[in-house]
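# Close look at the chain arrangement
These are the residues of each chain, in order.
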Amino acid sequence: MRIAHFGHSCILVELHGTKVLFDPGTFSHGFEGITGLDAIAVTHQHPDHIDPNRIDALLEANPQARVLSDPQTAAQRGGRWEAVHAGNVLRLGDLQITGGGGRHAVIHPDIPVIDNTVFQLGTADDPAQLVHPGDSLWVPPVQVGVLAIPAAAPWMRISEAVDYLRAVAPRTALPIHFGIIQEEARGIYFGRLAEMGPEGTEFTVLEPENQREF
């Protein structure tokens, strides 16, 4: 598996010969020129996960890509967009994509809760080799290889992030969703996750526009 990070929640995953780009939002940069994608996956409708000013150009540059999202985003945008519900299982070549979760984390009781699809990539025998939860703390029912874990968010305390990491106990934790934190302050969040995560979990940070084999 190869993963490249383009800032905030936007990652490019190459797995089983398939390339999937997640959450190209307003806080992410460097994904604009990517071509040859097999799928573009958006967890939910917030602009830091789907940039309305750049998404159409990305779709035009990747006419062969399947465009997957939570049900509300798919209904809003129409056309090529496919709704992925919790429990849905899709095939892209040798890659299996399984939907999970279903709802965004609660920001405040006065704010309506929107759809949020958790995407799990893998195979039938190992369905969660990578998990992108979007803005949720949904715990997959199977062993997780790489968890793209939200490091900081308006809807989450650091204690919740630590407890989520412990509950999932992935082989590797890769922090995302930190575009809202000044660079000088990120070590505070990364340090807590690295120090307080479960035994046996590797915590690794990918700098924007860098990539690594997992």
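Residues numbered from 1 in each chain as written. Predicted model: local features only at pLDDT ≥ 70, side-chain atom pairs only at ≥ 80, totals over all residues. Heavy atoms only, no water.

### A word on the sheet that holds strand β4 (residues 39-42)
Strand order in the open sheet formed by seven strands is β6-β5-β4-β3-β2-β1-β14, with mixed pairing between adjacent strands. Strands with a single pairing partner mark the edges of an open sheet, and in this sheet they are β6 (81-83) and β14 (210-213). For this sheet, the mean inter-axis angle between neighbouring strands, taken without regard to orientation, is 20°. Both strand β1 (residues 2-5) and β14 contribute to a ladder of four bridges, which runs antiparallel. Residue pairing across strands places I3 opposite R212, the latter belonging to β14. (Pairing = 2+ DSSP bridges. Helix = DSSP H or I, 4+ residues; strand = E, 2+ residues; numbered from the N terminus. Axes fitted to C-alpha atoms, helices over the stretch in contact; angles between N-to-C directions.)

### Let's talk about the UniProt feature "domain: Metallo-beta-lactamase" (unreviewed entry) in the chain
This chain's UniProt record puts "domain: Metallo-beta-lactamase" (unreviewed entry) on residues 7-177. Across residues 7-177 one finds 15% helix and 32% strand; the C-alpha atoms that close the span lie 8 Å apart. (UniProt positions renumbered as here; feature names shortened; annotations may be inferred.)

### What to know about helix α4 (residues 186-196)
Turning to α4, its buried residues number three or more, namely R186, F190, G191 and L193. Where the residues of α4 are buried, they touch β11 (146-150), α3 (158-168), β12 (172-176) and β13 (202-203). (Buried < 20%, exposed > 50% of the residue type's maximum accessible area, 1.4 Å probe, protein only. Contact = heavy atoms within 4.5 Å.)

### Some remarks on the pairing of strand β5 (residues 66-69)
Strand direction decides the pairing type here: β4 and β5, joined by four bridges, are parallel. Following the sheet pairing, A39 is matched in β5 by R66. Handedness of the crossover joining β4 and β5 through helix α1 (residues 55-61): right-handed. Bridge analysis of β5 against β6 gives three bridges, and the strand direction is parallel. Bridge assignment links S69 to a residue of β6, and that residue is A83. The handedness of the β5 to β6 crossover, carried by helix α2 (residues 71-77), is right-handed. (Right-handed = clockwise from strand over helix to strand, strands pointing away.)

### Examining the pattern of salt bridges
Tallied over the full model, the rule gives eight salt bridges. Residues R77 and D56 are paired through a salt bridge, measuring 3.0 Å at the closest nitrogen-oxygen approach. Separated by 21 residues along the polypeptide, R77 in helix α2 and D56 in helix α1 bring together distant segments of the chain. With a relative accessible area of 33%, R77 lands in the partly exposed category. Given the relative accessible area of 41%, D56 is considered partly exposed. Across the pair E195 and R192 runs a salt bridge, and its minimum N-O distance is 3.5 Å. Residue E195 and its partner R192 are located together in helix α4, separated by three residues, close to a single helical turn. (Salt bridge = Lys/Arg side-chain N within 4 Å of Asp/Glu carboxyl O.)

### A look at the sheet that holds strand β7 (residues 89-92)
The seven strands are arranged β7-β8-β9-β10-β11-β12-β13 in an open sheet whose pairing can be described as mixed. Lying at the two open borders of the sheet, with one neighbouring strand each, are β7 and β13. With eight bridges joining them, strand β8 (residues 95-103) and strand β9 (residues 115-122) adopt antiparallel strand pairing. Across the sheet, the residue bridging to G99 is F119, located in β9. Sheet contacts for α3: β11 and β12; angle to β11, the most-contacted strand, approximately 165°.

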